[in-house]
Amino acid sequence: MGEFTDAVHARLRAALAARDPDREWTTEWYVRRTPVDVAGVPDSAAAPLVLVEVEMRRADPANNPVKLARHAADGALDRPVVLVHLFSDYYALTDGGHSSKRENAEFVGGLAADALDGFDYHAVDLALAPPVRGDDPPGDWRDAVERAADRITGRV
């Protein structure tokens, strides 16, 4: 799934750059030694840094907001931060709810946003089911990424 995930990150970066040209959008941007899937660094020092973590099928998605909040608390980021946590359909339950893994990640992200000045957190749906090993990606994955980019820019 590595190649597919890389393609999703690249497509998301391009979609966000088209929607928000006042930020330089890059993939695999680092906060100290912690890689962030997609980041939008603003031209203006007053505008927030946007960090997007894409969760395709991670065992512990709560780790991402924990690490980034810790870095924010330690002063590693010199401006306000908006963390967008993008969750694939892997974390959706058939009854319309979310898995406890996603709920835990959202809980931690919300706690971090409440506890830290200049740190905001948003959970966003990425409406695609990541392929299982050896399967082809869903045919509409590009459209799903575009819709997610709309949701992200609507929250930033």
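As a starting point, this report considers the structure included with it. The structure presented is a predicted model; accordingly, all values stated were derived computationally and were not measured. (Residues numbered from 1 in each chain as written. Predicted model: local features only at pLDDT ≥ 70, side-chain atom pairs only at ≥ 80, totals over all residues. Heavy atoms only, no water.)

Section: the sheet that holds strand β4 (residues 81-88)
Two orientations exist for strands paired in a sheet by backbone hydrogen bonds: parallel and antiparallel. The cut-off we apply is this: Between any two strands, at least two bridges found by DSSP are needed for them to pair. Helix and strand labels come from DSSP, where a helix needs a run of H or I of at least four residues and a strand needs a run of E of at least two; each type is numbered from the N terminus. For helices, the fitted line uses only the C-alpha atoms of the stretch in contact; every axis is such a line through C-alpha atoms, and the angle between N-to-C directions lies from 0 to 180 degrees.
Taking strand neighbours across the sheet as the criterion, the 5 strands line up as β1-β2-β3-β4-β5 in an open arrangement whose pairing is mixed. A strand with exactly one partner marks an edge of an open sheet, and here the two such strands are β1 (23-31) and β5 (119-126). Averaged over all adjacent pairs, the angle separating strand axes in this sheet is 25 degrees, with direction ignored.

A look at the pattern of salt bridges
For clarity, the cut-off: In what follows, salt bridge is the name for a side-chain nitrogen of Lys or Arg lying within 4 Å of a carboxyl oxygen of Asp or Glu.
One pass over the structure, following the stated rule, counts 8 salt bridges. Sharing partners across several salt bridges, the network here consists of R11, R19, E146 and D150.

A few points about unusual backbone geometry
Among all residues except glycine, the phi angle is most often negative; among peptide bonds, the trans geometry is most common. Stated precisely, the cut-off is as follows: Buried, partly exposed and exposed residues are distinguished by accessible area as a fraction of the type maximum, computed with a 1.4 Å probe on protein chains only: under 20%, between the cut-offs, and over 50%, respectively.
For E28, which is not glycine, the phi dihedral falls at a positive 50 degrees. As for its placement among the helices and strands, E28 is situated in strand β1. What makes E28 exposed here is its relative accessible area of 52%. The phi torsion at R32 lies on the positive side, around 55 degrees, for a residue other than glycine. Position of R32 among the secondary structure elements: in the loop between β1 and β2 (34-42).

A few points about the environment of S88
Here is the rule: It only takes one pair of heavy atoms within 4.5 Å for two residues to be counted as in contact. Whenever a nitrogen or oxygen atom comes within 3.5 Å of another N or O atom, the pair is scored as a polar contact, on the condition that within protein one atom can donate a hydrogen and the other can accept it, and that pairs from neighbouring residues in sequence are kept only if both atoms are in side chains.
Along the chain, S88 turns up in strand β4. Residue class for S88 comes out buried when judged on its relative accessible area of 2%. Along the chain, S88 and D125 lie 37 residues apart, while their C-alpha atoms are 6.3 Å from each other. Beyond its immediate chain neighbours, meaning those up to four positions away, S88 contacts E55, M56, L126, L128 and P130. Within the local environment of S88, its side chain forms a polar contact with the backbone oxygen of M56, the two atoms lying 2.7 Å apart.

As for the nonpolar core
Quick note on the threshold: The criterion is simple. A nonpolar core is a set of buried Ala, Val, Leu, Ile, Met, Phe, Trp, Tyr and Cys residues joined through side-chain atoms within 4.5 Å.
Of all hydrophobic cores here, the largest spans 23 residues; its most connected members are L12, V52, L86 and L126. If you list the elements that add at least two residues to this core, you get α1 (2-19), β3 (49-55), β4, β5 and α4 (141-155). With 6 residues, α4 is the single largest residue contributor to this core. Setting aside residues up to four positions removed in sequence, L12 forms contacts with V38, V52, V54, L86, V145, A149 and I152. Ranked by size, the runner-up nonpolar core spans 17 residues in total, among them L49, L51, L83 and Y91.

Examining the packing of helix α2 (residues 63-73) against helix α3 (residues 100-115)
Angle between the axes and distance between the axes: these two values describe a pair of packed helices. Stated formally: Any angle between 65 and 115 degrees counts as roughly perpendicular, while under 35 counts as roughly parallel, over 145 as roughly antiparallel, and the rest as oblique. Crossing handedness is read from the near helix: turned anticlockwise from the far helix by less than a right angle, it gives a left-handed crossing, and turned clockwise, a right-handed one.
Relative to each other, α2 and α3 sit at 15 degrees, their axes nearing to 8 Å. Classified by the angle between their axes, α2 and α3 sit roughly parallel to one another. In this structure, α2 crosses over α3, and the sense of that crossing is left-handed. Contact residues: α2 offers P65, V66 and A69, while α3 offers A105, V108, G109 and A112.

Comments concerning the pairing of β2
With respect to burial, β2 is a largely interior element, 7 of its 9 residues being buried. By the bridge criterion, 8 bridges tie β1 to β2 in an arrangement that is antiparallel. When the bridges of β2 are listed, W25 appears paired with G40. Connecting the antiparallel pair β1 and β2 is a turn made up of 2 residues, with R32 showing a positive phi of about 55 degrees. Looking at chain direction, β2 and β3 are connected through 3 bridges and run antiparallel.

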